[in-house]
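Structural overview
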Amino acid sequence: MTHAASMNEVPSGPELPGNPGTYADPESSGEPGRQRILARETTSSRAGAAVVAAILVIAVCGYALLETAVRAVGQPPWLIDPQTAADQVTALPAGVPPVLLGTVGAILLAAGVGFVLAAILPGRRARHILADPRAAVVVDDEVIASALARRARLAANVTQEQVMVVVSRREVQVNVRPTSGVPLSTGDLQAAVEAELRDMAPEPMPAVRVNMASSGVIGA
Amino acid sequence: MNGTPRVLNRILIGIFGLLLLAVGLLLVLLAAVPAVAAWWQGWSSEAWDRVRTGSESTRIPGQSESWLWIVMVLLLIAVIVAMVAWLAQQGKGRSNILVAEDDAGEVPGYVRIGGGVAEQALRAALAGRPDLAGATVATYDFRGRPGLRIRVQPRQGVAPHLLAAEVSALVEALDAVIGRRTPVFIHIGSGARSRFGRAERVR
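Thresholds applied
- Residues numbered from 1 in each chain as written.
- Chains lettered and ligands numbered in written order.
- Predicted model: local features only at pLDDT ≥ 70, side-chain atom pairs only at ≥ 80, totals over all residues.
- Helix = DSSP H or I, 4+ residues; strand = E, 2+ residues; numbered from the N terminus.
- Buried ≥ 20, exposed ≤ 12 C-beta atoms within 10 Å, placed from the backbone.
- Contact = placed C-beta atoms within 7 Å.
- Domains from an automatic or database assignment.
- Pairing = 2+ DSSP bridges.
- Axes fitted to C-alpha atoms, helices over the stretch in contact; angles between N-to-C directions.
- Nonpolar A, V, L, I, M, F, W, Y, C, P; charged D, E, K, R; others polar.

In terms of helices and strands, chain A carries 8 helices and 6 strands. A burial count over chain A gives 28% of its 220 residues as buried. When contacts within chain A are restricted to residue pairs at least 6 apart in sequence, those whose partners lie at least 24 apart make up 60%.

Here it is, written out as structure tokens:
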């Protein structure tokens with residue numbers, strides 16, 4: 001209630017364009033709108049699956065439309081008359097080799113499972129959220145990985161090819177192949193990567209795991 | 001941030017998937033299990049007979065064809081139109097205007113600022129940076145309000161939080177110029193250009 005009261009005390013006089021005090025707009029830059037943008041941008045929109053499904057339905061319906069329209073005006077069919085097609089479908093296991101029938105069925109089954117899973121699964125994208133006072137910021141995991149790889153490479157003093165970083169939602173895996181004869185400390189490396197990750201503060205915060213390869217690289 | 005109807009996508013994709021699943025399962029069972037084949041032949045030919053007697057009784061007077069065919073044609077057209085409408089919903093929401101409102105000043109009128117202002121200003125500000133492989137800025141309608149979508153592709157090894165802070169500072173400067181805080185979405189992504197381009201070594 002105090003919040004509402006304080007809101008009412010703000011004078012609602014004419015706004016001057018360019019005055020920094022008046023362009024604060026609670027709805028546009030506030031938390032709810034940003035949370036919604038972030039929620040949408042870290043999950044898949046399934047536009048690809050939708051386009052594929054719609055095009056398939058359009059193709060099947062378009063062909064059926066052609067044959068039905070031809071039939072409706074009493075013309076000879078293009079490929080197959082709908083009535084003959086229905087007769088063949090009702091007689092189904094007969095008339096078609098069972099291997100072909102089973103294969104077509106299995107393909108349709110697999111495609112159906114794929115679409116159903118695309119619809120049901122949460123569809124998270126490989127992205128993390130960064131905190132920012134002004135904008136909604138989303139980073140691809142690949143970008144985080146390359147930044148962490150650079151930091152690990154500098155901390156371990158090895159070449160780019162000796163470090164590989166894999167970032168997933170909850171874990172960062174740092175794989176390092178040390179240079180042969182140059183000792184490397186896993187703890188130092190872990191601390192360096194963790195410090196970089198703390199500065200970055202992605203959400204959700206992943207845990208760091210350093211894998212030191214047992215064999216070194218010669219002449220790097 | 002675009003207007004793709006996500007819930008509708010999930011529902012329709014789910015229905016389509018279930019249909020494919022049912023047909024596929026039926027075909028596999030027909031091919032593999034003789035009992036299912038016998039049941040299918042009995043059930044489907046009965047259903048087909050019912051449809052056929054129905055079409056006999058709905059003949060167009062004076063013609064040999066049933067009007068059920070015309071109903072079928074209309075139904076198929078309706079489905080196709082619905083699918084095209086669904087396709088048109090994907091990724092929609094591009095907008096041309098960033099700000100449009102009454103400025104409540106002494107001069108009567110309406111202020112409109114095109115999205116191109118913000119897009120070109122930000123693109124120009126980001127263009128010369130050596131740590132970026134590419135940047136695109138677009139205006140989208142987000143829940144009825146225009147918002148900016150900034151996509152930057154840093155080169156390999158660039159720290160995303162520093163880049164985000166710098167882009168965010170640019171946006172704050174833009175806010176001061178435009179006089180409105182619009183919703184802003186910054187996507188720091190990777191593409192072919194950042195993946196295969198050279199790493200940024202000096203920073």
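A separate point is the domain arrangement of chain B. With domains assigned, chain B is organised as domain 1 (6–89) and domain 2 (97–196). Measuring from the centre of the C-alpha atoms in domain 1 of chain B to the corresponding centre in domain 2 of chain B gives 49 Å.

Below, the discussion takes up the environment of B:V51. Residues and elements named next belong to chain B. Positionally, V51 belongs in helix α2 (residues 34–57). Residue classification places V51 among the exposed residues on the basis of 12 C-beta atoms within 10 Å. For the pair V51 and L68, spaced 17 residues apart in sequence, the C-alpha to C-alpha distance is 9.7 Å.

Right, let's get into the environment of A:I107. Residue and element names in this part refer to chain A. Assignment of secondary structure puts I107 in helix α6 (residues 98–120). The exposure class of I107 is partly exposed, given the 14 C-beta atoms found within 10 Å. The spacing of I107 and V167 is 60 residues in sequence and 34 Å in space, taken between C-alpha atoms.

Further remarks concern the sheet that holds strand β1 (residues 127–130) of chain A. An order of β5(A)-β1(A)-β2(A)-β5(B)-β4(B)-β3(B) is seen for the 6 strands of this open sheet, with the pairing classed as mixed. With one partner strand each, in any of the chains shown, β5 (202–203) of chain A together with β3 (132–142) of chain B form the two edges of the open sheet. Judged from the 10 bridges that link them, β3(B) and strand β4 (residues 145–154) of chain B form a sheet pairing that is antiparallel. Looking at β4(B), one finds that B:A138 is bridged to B:R149. Across the face of the sheet, helix α7 (residues 141–156) of chain A comes into contact with β1, β2 (136–140) and β5 of chain A together with β4 and β5 (184–188) of chain B while running at roughly 70° to β2(A). Helix-sheet contacts for helix α4 (residues 115–127) of chain B involve β3 and β4 of chain B, and the interaxial angle to β3(B) is about 165°.

Here the focus is the interface of chain A and chain B. With 74 residues of chain A at the interface, the matching set in chain B holds 72 residues. When residues of the side of chain A that touches chain B are traced back to their parent elements, those giving at least two are α2 (26–29), α3 (31–41), α4 (47–72), α5 (82–90), α6, β2, α7 and α8 (186–200) of chain A. Classifying every residue of the side of chain A that touches chain B gives 49 nonpolar, 13 polar and 12 charged. Here β2(A) runs beside β5(B); their pairing, made up of 4 bridges, is parallel. When the bridges of β5(B) are listed, A:V139 appears paired with B:I188.

Sheet strands line up and pair through hydrogen bonds in the backbone, either parallel or antiparallel. Residue and element names in this part refer to chain A. Spatially, the 3 strands line up as an open sheet ordered β3-β4-β6, and their pairing is mixed. Bordering the open sheet on either side are β3 (163–167) and β6 (207–212), each of which pairs with just one other strand. This sheet shows a mean twist of 15° between the axes of neighbouring strands, independent of strand direction. Two elements, strand β4 (residues 171–176) and β6, share 6 bridges in a ladder whose sense is parallel. Pairing of V172 across the sheet is with V208, part of β6. Contacting β3 and β4, α7 crosses the sheet at an angle of about 145° to β3. Running at roughly 145° to β6, α8 makes contact with β4 and β6 of the sheet.

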